[in-house]
Amino acid sequence: ICLPDGKVVRKYQKELATPGMEGRNCIVVAPTGTGKTLVACMIISANLKRHGLKGKVLFLVTKIPLANQQYEELKRHIKGARIMSVTGESRHTLCAVLSTHEIVVCTADLLKNDLHTGNVLLKDISLIVFDECHHCKGRTPYSFIMTEYLKKKFRGGDTRLPQIVGLTASPGAGDSRKPDLNKTVDHLIQMSALLDAEAGYITVKENITELHQYTTKTNFKRVPIPGRTDGDDFQALLIKYVNKLDIVIQRVTGKSTKQEVTDQGYINFLSILLQESKLRPEGAENERNIRAIIEHLQHYTKILHYYFDYECEDSLLAMRNKLRSPAPDRATQVEKELQTLFTSFCQEAFQVGKTSNPKLEKLKMLLRENFGTKTTNKRAIIFVTEVENAVRMQEWIQKQPELNGCIQPGVVTGHSRDTSNGMTQEVQNAIIADFRSGKFNLLVATSVLEEGIDVPACNLIIRYQHVTNEISLVQSKGRARAVDSECYAIIGKGTPKELQELQNEEKNHLVNDVIEHHLPPQSQWNLALQKFQVSTLETVEREERLEMEQKKQHRIEDVQLLCGSCSTLVCYGQDLSLEGVYYLVNCDKVKGKFNCKEYKKPYIRPTIQIQNSIHCSECDQKWGLEMCRVTKGLTYRHLCLGCDKFIFVIKGERHTFKKWKQATFQIPHKSI
């Protein structure tokens, strides 16, 4: 292990690393910023020494930016070993890199795919480190990898399995909405079982005083804020237009929504109605009209919910260009009526009286208190829920005279499929570098910045209506690592989010208490793990059998694909193929049925190029992306389709599938 001049491995880091250095499977739990990656480096070095020339280590991450970041960290701390980073954007395959390097940092998706195809075998790996291992649950890539591990352990008869080490700041309390001791115990045992962590959760005990010296105690405050005044002009206007649309939908379908427009159940109701409309055998135009009405209703409802948290003008500017608009000569009479209504609404909305948003007023006060002078060296992050919210928040800050000159805001978001505001890794890196240098002193970010990605220690963290789970709370608070730092949660008073954030705090306290006092003793631990492991395997194998049976329900020759919006025939089942993780159709099979639009986040590599999104030429519904593959000097043009964009007609019956794996027919694997 190599450390910068003057630095030594801390005692608590040695304590955390000891079980892993002894070759035991374990989950290392320690606060953000306390050096878990260095702990992993110590375990990796010990593993390579133990296995000699046969040692192969995989350091798994959930996102591409984390792969490059952790690669640099491992390269800085481990000397004498060949290290390389591999992601889906790399030229080299994971299999090829593993044959020439001792340590490989890669995304979990990459290993999942190679295990599935047999290109990589678990018996050839001596250690797998799972960064942010709380993602090992459900049907995530981490969970798939460990399920394959458990199959080898219990079904394969092969004892040559890699050592497993997990790293996390919080393993979480499970899926229960409320704090529950028994469910938290079960969740923690189940996560240990899935990661085969026979040594359990490793926390600092003997050197807790030293750990506290290197851990910043962040002052966290929930700030419940009353909402806008009920019945204000903008809200009343929007509800008036929603009621007009409700009349239209009753006329076309004979159904009324009969829901309160401001209720979350209203959005859920619309989503169900949209799915039902796809399965109706009525004429194509009537079906298309139903879908268009529902899309407009969803749009108005989203504007209203957006209005609750932001400014009136912002909610309109954010939404007015989001509606799909067929060309006038191709639009139905109902689509034209809807567009006329929306144009009328926008014109009236800009004329109504405006009320200030209490949440934004509180946010402005907190920012003024922390950035009151132009000479401050402080850093802050505001977490928001969606990409559009991040952009609107940045624009709002820039428009506030009281904040001009003292705050320079930047925006960091993840990759977004449905908006042009999603960011490439290069743009993310550039903005974070500007934040580090001081060009920006505040970032508005989605959850992409909560974990893993290295950012400077912040003085102020604000979770603006950003309420998810207890792990998210721990991760975002962990960004406030400067001295006397503060973390605030601005949430609507009396709303479900206020209760949820309170429960998140309680669940985090419960997790720590369970790890220290309520897990089974070591004498019963392995038996508890094995019980969950056997149960997990049985569940997975049952689901796999059902999935195989499901694929046999229909023949692919009997399948037709229709546009999910206008029911235009797109192609036939035989035209589909599966290559790797991509579901493709040759462009020649759908010639003249689609239009290309410039893709805002192009992906250009030597063998794959994605520069255009594809849309129905009849109704402008987005179908997916255009993919160009270069193989042996030849370029093949294919369409990569989104399963949820289509209606599948099978022997006269209509079906919809959210994901391709849910399809009731088998799509053949082919090489382009």
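The structure reproduced in this document is the subject of the present report.

Reading the values: the criteria
- Residues numbered from 1 in each chain as written.
- Predicted model: local features only at pLDDT ≥ 70, side-chain atom pairs only at ≥ 80, totals over all residues.
- Heavy atoms only, no water.
- Helix = DSSP H or I, 4+ residues; strand = E, 2+ residues; numbered from the N terminus.
- Rg over C-alpha atoms; globule rule 2.2 N^0.38 Å.
- Contact = heavy atoms within 4.5 Å.
- Areas by Shrake-Rupley, 256 points an atom, 1.4 Å probe, with all protein chains shown as cover.
- Pairing = 2+ DSSP bridges.
- Axes fitted to C-alpha atoms, helices over the stretch in contact; angles between N-to-C directions.
- Salt bridge = Lys/Arg side-chain N within 4 Å of Asp/Glu carboxyl O.
- Buried < 20%, exposed > 50% of the residue type's maximum accessible area, 1.4 Å probe, protein only.
- Phe/Tyr/Trp six-rings, centres within 6.5 Å; stacked < 30°, edge-to-face > 60°.
- Lys NZ or Arg CZ within 6 Å of the ring centre and 35° of its normal.
- Expected span 1.5 Å × (residues − 1).
- Polar contact = N/O pair within 3.5 Å; in protein donor to acceptor, adjacent residues only side chain to side chain.
- Core = buried A, V, L, I, M, F, W, Y, C linked by side-chain atoms within 4.5 Å.

**Observations concerning the overall build of the chain**
Here is step 1: Helices and strands together make up the secondary structure of the chain, namely 19 helices and 23 strands.
Here is step 2: Expected size for 672 residues packed as a compact globule is a radius of gyration near 26 Å; at 27 Å, the chain falls within 12% of this value.
Here is step 3: Its C-alpha atoms put the chain at 75 × 65 × 50 Å along the principal axes.
Here is step 4: A separation of at least 24 residues holds for 71% of the contacts in the chain among residues at least 6 apart in sequence.
Here is step 5: Roughly 31,100 Å² of accessible area belongs to the chain as shown, and the carbon and sulfur atoms make up 49% of that amount.

**Thoughts on the sheet that holds strand S7 (residues 201–202)**
Here is step 1: The parallel open sheet is built from seven strands, whose spatial order is S3-S4-S2-S5-S6-S1-S7. Looking along the sheet, the strands with just one partner apiece sit at the ends: strand S3 (83–86) and S7.
Here is step 2: Here strand S5 (residues 127–130) pairs with strand S6 (residues 163–168) via four bridges, running parallel. Residue pairing for S6: Ile128 is matched across the bridge by Ile164.
Here is step 3: Sheet strands in contact with helix H5 (residues 108–117) are strand S2 (57–61), S3, strand S4 (103–107) and S5, and its direction is about 95° off that of S4.

**Things to note about the pattern of salt bridges**
Here is step 1: Scanning the entire structure with this criterion turns up 28 salt bridges.
Here is step 2: Between Glu541 and Arg155 there is a salt bridge, with the nearest N and O atoms lying 3.1 Å from each other. In this pair, Glu541 sits in helix H19 (residues 522–550) while Arg155 sits in helix H6 (residues 141–156), placing the two residues 386 residues apart along the sequence.
Here is step 3: Classification of Glu541 as buried rests on a relative accessible area of 19%.
Here is step 4: The exposure class assigned to Arg155 is partly exposed, which follows from its relative accessible area of 46%.
Here is step 5: The salt bridge involving Glu450 is made with Arg463; its shortest N-O contact spans 3.9 Å. In this pair, Glu450 sits in the loop between strand S11 (442–445) and strand S12 (460–464) while Arg463 sits in strand S12, placing the two residues 13 residues apart along the sequence. Across this residue pair, the class does not change: Glu450 and Arg463 are buried.

**Describing the pairing of S12**
Taken residue by residue, a regular strand's side chains alternate between the two faces of the sheet.
Here is step 1: In terms of burial, S12 is a largely internal element, five of the five residues being buried.
Here is step 2: Alternating residues of S12 divide into Leu460, Ile462 and Tyr464 and Ile461 and Arg463, and every residue in both groups is buried.
Here is step 3: Alignment of strand S9 (residues 380–383) against S12, held across four bridges, turns out to be parallel. When the sheet's bridge partners are listed, Phe383 is paired in S12 with Arg463.
Here is step 4: Relative to strand S13 (residues 486–492), S12 runs parallel, the two sharing five bridges. Among the inter-strand pairings, Tyr464 is bridged to a residue of S13, identified as Ile490.

**Side note on the environment of Ile293**
Here is step 1: Locating Ile293 in the fold gives a position in helix H11 (residues 284–309).
Here is step 2: Residue Ile293 is classed as buried on the basis of its relative accessible area of 0%.
Here is step 3: Residues Ile293 and Leu338, 45 residues apart in the sequence, show an inter-C-alpha distance of 7.2 Å.
Here is step 4: In contact with Ile293, other than residues within four places in its own chain, are Leu245, Val248, Ile249, Val252, Val334 and Leu338.

**Here we look at the sheet that holds strand S22 (residues 646–650)**
Here is step 1: Strand order in the open sheet made by the four strands is S15-S14-S22-S23, with antiparallel pairing throughout. Edge positions in the sheet fall to strand S15 (569–572) and strand S23 (653–655), since each has one partner strand and no second. Ignoring strand direction, the axes of neighbouring strands in this sheet form an average angle of 30°.
Here is step 2: Bridge count for strand S14 (residues 559–563) against S22 is five bridges, and the pairing is antiparallel. Counted as the bridge partner of Gln560 is Val649 from S22.

**Digging into the packing of aromatic side chains**
Here is step 1: This model, assessed by the stated rule, comprises 16 aromatic pairs.
Here is step 2: Centroid distance Phe648 to Phe665: 5.9 Å. Interplanar angle 50°. Geometry classified as tilted. Here Phe648, found in strand S22, pairs with Phe665, found in the segment after S23; they are 17 residues apart in sequence, far enough to count as distant.
Here is step 3: Joined through ring pairs, the aromatic side chains of Phe234, Tyr241, Tyr300, Tyr307, Phe342 and Phe345 make up one cluster.
Here is step 4: A cation over a ring is seen here: Arg10 above Tyr214, with NZ or CZ 3.7 Å from the ring centre.
Here is step 5: When the ring centre of Phe144 is taken as origin, the NZ or CZ atom of Lys112, which lies over that ring, is 5.5 Å away.

**Considering helix H7 (residues 181–194)**
Residues separated by three or four positions in an α-helix point in the same direction, a consequence of the helix having 3.6 residues per turn.
Here is step 1: Here H7 contains 14 residues, and its C-alpha end-to-end distance of 20 Å stays within 8% of the 20 Å for a straight helix at 1.5 Å per residue.
Here is step 2: On its buried side, H7 packs onto strand S1 (26–29), H6, S7, helix H18 (496–517) and H19.
Here is step 3: The opening residue of H7 is Asp180, an N-cap whose side-chain oxygen sits 3.1 Å from the backbone nitrogen of Asn182.
Here is step 4: Downstream of H7 by one or two residues, Asp196 has phi in the positive range, about 50°.

**Here's the deal with unusual backbone geometry**
Here is step 1: The phi dihedral of Asp196 falls on the positive side, at around 50°, and the residue is not glycine.
Here is step 2: Take Asp196: it is sitting in the loop between H7 and S7.
Here is step 3: The phi torsion at Asp484 lies on the positive side, around 60°, for a residue other than glycine.
Here is step 4: Following the sequence through the fold, Asp484 ends up in the loop between helix H17 (470–477) and S13.
Here is step 5: Exposure remark for Asp484: the relative accessible area of 70% places this residue in the exposed category.

**Remarks on the nonpolar core**
Across soluble globular proteins, nonpolar side chains show a tendency to be buried alongside one another.
Here is step 1: Core analysis: the largest hydrophobic core is formed by 80 residues, its most contacted members being Leu367, Met393 and Leu449.
Here is step 2: The leading source of residues in this core is helix H2 (residues 36–51), at seven residues.
Here is step 3: With sequence-adjacent residues up to four places away left out, Leu367 is seen in contact with Gly372, Ile382, Ile397, Leu403, Ile407, Leu442, Leu460 and Ile462.

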